[in-house]
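Okay, here's what each chain looks like letter by letter:
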Amino acid sequence: MSLKITHLCFADDLLVFSYGNGNSARVIRDALDEFKKVSGLKVSMEKSQIFFNCVKPNMRRIILGILPFDIGRFPFKYLGIPMCVTKLFDRDCKQLIEKIKMRIFNWKSKALSFTGRLKLINSVLTSIHVYWASIFKIPIATIKEIEKLCRSFLWANGEVVKGKAKVKWNDICKPKIYGGLGVKNLRKWNDALLAKHMWNVINSKNSLWVQWVKSNYIGNRNFLGYFAEEELKTQDRVRGWEVSGNLLCPFCAVTPDSHVHLFFKCDYSQLIWRYFCNKIGLNLYMDDWNELIMKLCSLFKRNSGENLVNKCVFASCVAHIWKERNSRLFSNRRNSYKGLIACIESEIHLMLLGLRKKAKMVNDNVFKAWGISGMEKV
């Protein structure tokens, strides 16, 4: 069932949505008049704007006759961020860049040490964009500009001078235990903040945004299945507009490429799934994403080290099957299913070695099953 959102309100900021016709405009006008009578508060005509989308010019004139607001244009500012009808572009983030430049300009006159500048970068400059980064995917050009400003401030007190930087910025962003200075990696930070929204959808958080996403995009499907189908795009997507060319599965070269075949039906993929299901002691028959995810959710409900490893196994299988598919299509490099199994086993082995200091999380039998001896665990 679709959500019928009529308005969004935060403090004294109000967005009202309606159809682009005269009747809807009159309903809004009558509601605002009623609000005025009850509260004694009048709508500010100077601060209010109206935005049109796919509304014909003659209908616009009718609506403006009923609601005589100024016509607004995208992007407009709401709760401190630009509201766009497309993804965020570099030009939309000028305000963010100017805010960082102003901070640096105010600090230039102060006799700050290298340590002091580093502290300000960590605590102030790399935090200014966090609010935006928790809502939008920040453009790469904007990220690079922020990093450039931070770099010049760290090494040259804000002056853009070539050759001053002593260390690569990527090394500066490494944790201190790995030889870096612990400065936030802005791209990864942006991805981590946005991933929280995915987590909220997966856990069905009680929020209007989650309800809207599920209503308009996911429907009755499982979110992870929906995400895999949307992001891991197979060649069956182009069949609607391109009938020529080889659109067969890159593994077997017999069946048309599709999600269901690539991950679940193809002999190549089945050999990999069968091997790892036997290794972790599961008897699974998988037909599609929804079925797989529902089974895994029921099997791995308990938070244990063993279930963590099993989840990583399935995630690694999906990732490596997809990488092998792309490698064959775009790089003309091929790996046998045994080679792919070896890559996945190596990845899980390394992950378990990372958990060896937390051996209580994982049963000894799990370490033995993946070829990790007692000496390696120490």
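Residues numbered from 1 in each chain as written. Predicted model: local features only at pLDDT ≥ 70, side-chain atom pairs only at ≥ 80, totals over all residues. Heavy atoms only, no water.

Another point: the overall build of the protein. When you go through the protein residue by residue, the secondary structure sums to 17 helices and six strands. For the protein, the proportion of its 378 residues judged to be buried stands at 35%. Considering only contacts in the protein between residues 6 or more positions apart, those separated by 24 or more positions represent 55%. (Helix = DSSP H or I, 4+ residues; strand = E, 2+ residues; numbered from the N terminus. Buried < 20%, exposed > 50% of the residue type's maximum accessible area, 1.4 Å probe, protein only. Contact = heavy atoms within 4.5 Å.)

Once that is clear, we can look at the pattern of salt bridges. In this structure the tally under the stated criterion is seven salt bridges. One salt bridge connects Lys279 with Glu345, and the closest N-O pair in it is separated by 3.4 Å. Of this pair, Lys279 sits in helix H12 (residues 267-279) while Glu345 sits in helix H15 (residues 337-354), and the two are 66 residues apart along the sequence. For Glu345, a relative accessible area of 21% corresponds to the partly exposed category. Here Glu324 makes a salt bridge to Arg328, at a shortest N to O gap of 2.7 Å. Highlighted residues: Glu324 and Arg328, both in helix H14 (residues 305-331), separated by four residues, approximately one helical turn. No difference in accessibility class separates Glu324 from Arg328, as the two residues are buried. (Salt bridge = Lys/Arg side-chain N within 4 Å of Asp/Glu carboxyl O.)

Moving on: the side chain of Asp92. Position of Asp92 relative to the elements: it lies in the loop between strand S6 (81-83) and helix H3 (94-108). For the buried Asp92, no salt bridge is present, and the opposite-charge side chain at shortest range is Arg91, 4.2 Å distant. Discounting chain neighbours no more than four positions away, the residues touching Asp92 are Pro75, Pro82, Cys84, Lys87 and Trp132. (Lys, Arg positive; Asp, Glu negative; His and termini not counted.)

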